[in-house]
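Understanding the architecture of this molecule
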Amino acid sequence: MEDERMHNDRGRVFREAWIAGVTKHYPGEPKPGYITPWDQTPDWERDAATAVYDQVLAFIKATDGATIKLTPDQKGRFVALCWIGQIFKHFPEPKPSYVADWNDLPDWQKATDIDIFERIEHDA
């Protein structure tokens, strides 16, 4: 049971950082799905959030914290790429907008991905 709680905690931190970023950076009123609380988030998205959290944490640990020297864009790009991997894992033929490359993402989403990396980095 401890493993499940830890799994949920990591995913929840990711989701909370996403919601905080969307709330801060999204122009206007965000879509309800963007700010859905963790307890109402679909299972696939919870799994994806936890997986990306773990990938970012592993990257931070593998560099012995040297990720602090990355540019904000490099940090956000890493989160975005890890998320794209999860989308392909969970959806055989996702909408192109779900797997858009970093340069094609809206500024609010880039800023949110940067915030997510930095939140995990801070917690590490």
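1. Quick word on the pattern of salt bridges
Going through the model one piece at a time under the given rule, you end up with 6 salt bridges. The salt bridge involving Glu118 is made with Lys75; its shortest N-O contact spans 3.8 Å. Here the residue Glu118 occupies a position in helix α4 (residues 107–123), and Lys75 occupies one in helix α3 (residues 72–90), the gap between them amounting to 43 residues. Lys75 sits in the buried class, given a relative accessible area of 4%. Notably, a salt bridge pairs Lys75 with Glu121, separated by 2.8 Å at the nearest N-O pair. Here the residue Lys75 occupies a position in helix α3, and Glu121 occupies one in helix α4, the gap between them amounting to 46 residues.

2. Quick look at helix α2 (residues 43–62)
Here α2 is 20 residues long and its end C-alpha atoms lie 28 Å apart, about the 28 Å a rise of 1.5 Å per residue gives. Along α2, the positions that sit buried rather than exposed are Glu45, Arg46, Ala48, Ala49, Thr50, Val52, Tyr53, Val56, Leu57 and Ile60. At the C-terminal side of α2, Asp64 shows a positive phi close to 55°.

3. Some thoughts on the confidence of the model for the chain
Mean pLDDT for the chain: 94, with 94% of residues reaching 70 or above. Taken element by element, the chain is modelled with least confidence in helix α1 (residues 2–25), mean pLDDT 84, and with most confidence in α3, mean pLDDT 98.

4. Regarding the layout of surface pockets
Where empty space is left in the structure can be found by rolling a water-sized probe over the atoms. The computed volume of the largest pocket comes to approximately 730 Å³. Counting residues per element, the lining of the largest pocket draws most heavily on α3, at 5 residues. Considered class by class, the residues forming the lining of the largest pocket number 17 nonpolar, 4 polar and 6 charged.

5. A look at the packing of aromatic side chains
This structure, assessed with the given rule, holds 11 aromatic pairs. Note on Phe14 and Trp83: the rings are 5.7 Å apart at their centroids and 10° apart in plane angle, and the pair reads as stacked. Within this pair, whereas Phe14 is found in helix α1, its partner Trp83 is found in helix α3, the two being separated by 69 residues in sequence. An angle of 70° between the planes, with centres 4.8 Å apart, marks the rings of Tyr26 and Trp108 as edge-to-face. With Tyr26 in the loop between α1 and α2 and Trp108 in helix α4, this residue pair connects regions lying 82 residues apart in the sequence. Within the aromatic cluster, the residues linked to one another by ring pairs are Phe14, Trp44, Trp83 and Phe91.

6. Structural notes on the nonpolar core
The biggest cluster of nonpolar side chains holds 23 residues, and the ones touching the most others in it are Phe14, Val52, Val56, Val79, Ile116 and Ile120. Secondary structure elements with two or more residues in this core: α1, α2, α3 and α4. Of the residues forming this core, the biggest block, 7 residues, is contributed by α2. Within the second largest apolar cluster, 5 residues are counted, among which are Ala80, Ala100, Trp102 and Ile114.

7. Describing the environment of Phe59
With respect to the helices and strands, Phe59 occurs in helix α2. The spacing of Phe59 and Trp83 is 24 residues in sequence and 14 Å in space, taken between C-alpha atoms. Not counting chain neighbours up to four residues away, the residues in contact with Phe59 comprise Thr67, Leu70, Phe78 and Phe117.

Rules used in this analysis
Residues numbered from 1 in each chain as written. Predicted model: local features only at pLDDT ≥ 70, side-chain atom pairs only at ≥ 80, totals over all residues. Heavy atoms only, no water. Salt bridge = Lys/Arg side-chain N within 4 Å of Asp/Glu carboxyl O. Helix = DSSP H or I, 4+ residues; strand = E, 2+ residues; numbered from the N terminus. Buried < 20%, exposed > 50% of the residue type's maximum accessible area, 1.4 Å probe, protein only. Expected span 1.5 Å × (residues − 1). pLDDT = per-residue confidence, 0-100. 1 Å grid on protein atoms, 1.4 Å probe; cavity = no way out; pocket = protein on both sides within 12 Å on 5 of 7 lines; lining within 4 Å. Points joined across faces, edges and corners; volume = space filled by probe spheres on them. Nonpolar A, V, L, I, M, F, W, Y, C, P; charged D, E, K, R; others polar. Phe/Tyr/Trp six-rings, centres within 6.5 Å; stacked < 30°, edge-to-face > 60°. Core = buried A, V, L, I, M, F, W, Y, C linked by side-chain atoms within 4.5 Å. Contact = heavy atoms within 4.5 Å.

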